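Results of the structural survey
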Amino acid sequence: MSATGEQYVVDEHGNRVAVILPLQEYERLQEDLHDLAVVAERREEPTVGFSEFRKRYEQ
């Protein structure tokens, strides 16, 4: 096992064909992928400046 915890599955020639990750690392990666998907879906939405943001949420 490597220092980061992943293990590799190799074929009969020693080529890496899959990786085994600790469950906690896999779940963190899944969350990151979800966050990136949300960002990609919303990238065309209009932005709000910080001063406007403060006005909206201080009320």
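Up top is the structure these notes are about.
Residues numbered from 1 in each chain as written. Predicted model: local features only at pLDDT ≥ 70, side-chain atom pairs only at ≥ 80, totals over all residues. Heavy atoms only, no water.

**What to know about the pattern of salt bridges**
Throughout the structure, instances matching the rule amount to 6 salt bridges. Between arginine 28 and aspartate 32 there is a salt bridge, with its nearest N and O atoms 2.8 Å apart. One end of the pair is arginine 28 and the other is aspartate 32, both in helix α1 (residues 23-42) and 4 residues apart, which spans about a single turn. In this structure, arginine 42 and glutamate 45 form a salt bridge, with 3.1 Å as the shortest nitrogen-oxygen distance. Looking at arginine 42, the relative accessible area reads 47%, which means it is partly exposed. (Salt bridge = Lys/Arg side-chain N within 4 Å of Asp/Glu carboxyl O. Helix = DSSP H or I, 4+ residues; strand = E, 2+ residues; numbered from the N terminus. Buried < 20%, exposed > 50% of the residue type's maximum accessible area, 1.4 Å probe, protein only.)

**Here we look at a nonpolar patch on the surface**
There is a patch of nonpolar side chains on the surface, built from Val48, Phe50, Phe53 and Tyr57 and spanning about 470 Å² of accessible area. Counting through the fold element by element, phenylalanine 50 comes out in helix α2 (residues 50-58). (Patch = residues over 30% accessible without salt bridge, like charges linked within 9 Å, V, L, I, M, F, W, Y side chains within 5 Å. Areas by Shrake-Rupley, 256 points an atom, 1.4 Å probe, with all protein chains shown as cover.)

**Notes on the packing of aromatic side chains**
Enumeration over the complete set of coordinates arrives at 1 aromatic pair. Arranged with centres 4.7 Å apart and planes meeting at 40°, the rings of phenylalanine 53 and tyrosine 57 form a pair that is tilted. Of this pair, phenylalanine 53 and tyrosine 57 both sit in helix α2, 4 residues apart, which is roughly one turn of that helix. Over the ring of tyrosine 8 we find arginine 16, and its NZ or CZ is 3.7 Å from the ring centre. (Phe/Tyr/Trp six-rings, centres within 6.5 Å; stacked < 30°, edge-to-face > 60°. Lys NZ or Arg CZ within 6 Å of the ring centre and 35° of its normal.)

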